[in-house]
Amino acid sequence: MSTMLSYSNIDSPIHKLTGASKLIALIIWALASMITYDTRVLLGMFVVSIIVFKISKVEFKQISFVLYFILVFLLLNNIAIFIFSPYEGVHIYGSRTDLFKIAGPYTLTLEQLFYQFNITLKYFSIIPMALLFMVATNPSEFAASLNKIGVNYKIAYSVSIALRYIPDVQRDYQDISFAQQARGIDMSKKEKLTKRIKNSASILMPLIFSSLERIETISTAMELRAFGNNKKRTWYNAKPFKRNDYIAILLVAIILGIAILANIANKGRFYNPFI
């Protein structure tokens, strides 16, 4: 059974990078995406993120459900922006080009369309990299890398447990789902959507109890091993920085530099093609 957002050990250049270098690169990448609305920079980042995802050899099905879920919220976000601020693009770019009137005070303008296209592009530039970070990073090695760059090992270990817990929850959910279906609770497409949602709710309580039981087991095991008594600890999966780690961070830093230079050239965060 394949699980979503779980680490997969694949022989790729992305997987061979240390967890710390991938985290640093992701933070710099996110900063570059946040500080600019330059369409050219965002398009370039989107293309690069797709190329990096291809290089990683990660299968799309590992992130497909989460990606579709995010895209639904992105669509709702765009609709809300237009409803509450239909002329934000007009104010930003200082011009107005009407395309067609929708209803009442709502008229679709080219500037608003371009503004919301840039917002969508921001999501598309960061989402593939964020999801790739989750599926291409070994939780134990990532915790060791975090501790190496100065993060308290208790926090680092908590992050590791959280990442490991994602596939466990998915397995528990599927096991409970099969058990409920064996008892006659139908959650297939044969049932109506409202009925399927109601039947799916019957999985929630067993899932919560199994999660609490697992938390109790893990906390007891950690306490028996005197976890947290010492100020430092050693790591079995610790990996030193190599040449490719420094190259990856440098390349992402260059992209951040390009985003900053674009802001300076544009005299602001927005690239204005309507001048």
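Numbering of residues begins from 1 in every chain and follows the order in which that chain's sequence is written. Only residues with pLDDT of 70 or above have their local features reported here, since the model is predicted, and side-chain atom pairs are shown and tallied only from 80 upward, although totals for entire chains, interfaces and linings are computed over all residues. In computing side-chain properties, one takes all heavy atoms of the structure into account and sets aside hydrogens as well as water.

A. Summary view of unusual backbone geometry. The phi angle at Lys57 is positive, at roughly 65°, despite the residue not being glycine. If you trace the backbone, Lys57 turns up in the loop between helix H3 (39-56) and helix H4 (64-84). A positive phi angle, near 60°, is found at Lys267, a position not held by glycine. The exposure class assigned to Lys267 is exposed, which follows from its relative accessible area of 80%. Helix and strand definitions follow DSSP, with helices as H or I runs of at least four residues and strands as E runs of at least two, each counted in order from the N terminus. We call a residue buried when its accessible area falls under 20% of the maximum for its residue type, exposed when it is over 50%, and partly exposed in between, using a 1.4 Å probe and counting protein chains only.

B. Geometry of the domain arrangement of the chain. By domain assignment, the chain separates into domain 1 (13-137 + 240-266) and domain 2 (143-225). Residue ranges assigned to the domains are those given by an automatic or database domain assignment. Computed over C-alpha atoms, the centres of domain 1 and domain 2 are 30 Å apart. We call two residues contacting when some pair of their heavy atoms lies within 4.5 Å. Between domain 1 and domain 2, the residue contacts involve 7 residues of the former and 6 residues of the latter. Overall, the association of domain 1 and domain 2 removes approximately 480 Å² of surface from exposure, summing both partners, and the carbon and sulfur fraction of that is 80%. Each of two parts loses accessible area, computed with a 1.4 Å probe, when they are put together; buried area is these two losses added. Three residues, Ala20, Leu23 and Met134, lead the burial of domain 1 against domain 2; their summed loss comes to 57% of the area buried on that side. Basic side-chain nitrogens of Lys or Arg form a salt bridge, by our definition, when they fall within 4 Å of a carboxyl oxygen of Asp or Glu. Where domain 1 meets domain 2, there are 0 salt bridges. As used in this structure description, the phrase polar contact means that two N or O atoms lie within 3.5 Å; if the pair is within protein, one of them must be able to donate a hydrogen and the other to accept it, and residues adjacent in sequence are counted only when both atoms belong to side chains. The interface formed by domain 1 and domain 2 includes 0 residue pairs in polar contact (both at pLDDT 80 or more). The leading source of residues in the side of domain 1 that touches domain 2 is helix H2 (residues 19-35), at 3 residues.

C. Structural detail: the environment of Leu75. In this structure, Leu75 sits in helix H4. The exposure class of Leu75 is exposed, given its relative accessible area of 53%. Sequence spacing of Leu75 and Arg225 is 150 residues, and the spatial spacing of their C-alpha atoms is 48 Å.

D. View of the packing of aromatic side chains. Within 6.5 Å between ring centres, the rings of Phe, Tyr and Trp (the latter by its six-membered ring) count as paired, and their orientation is classed by plane angle as stacked under 30 degrees, edge-to-face over 60, tilted in between. Counted according to the given criterion, the structure contains 12 aromatic pairs. An angle of 35° between the planes, with centres 5.8 Å apart, marks the rings of Phe82 and Tyr106 as tilted. Taken as a pair, Phe82 in helix H4 and Tyr106 in strand E2 (residues 106-109) lie far apart in primary sequence, 24 residues in all. By relative accessible area, Tyr106 is classed as partly exposed at 25%. For the pair Tyr93 and Phe270, a centre-to-centre distance of 6.2 Å together with 85° between the ring planes defines the contact as edge-to-face. Of this pair, Tyr93 sits in helix H5 (residues 88-93) while Phe270 sits in the segment after helix H10 (243-266), and the two are 177 residues apart along the sequence. A residue is classified by how much of its surface remains accessible, and Tyr93, at 5% relative accessible area, is buried. Overall, the relative accessible area of 24% leaves Phe270 in the partly exposed class.

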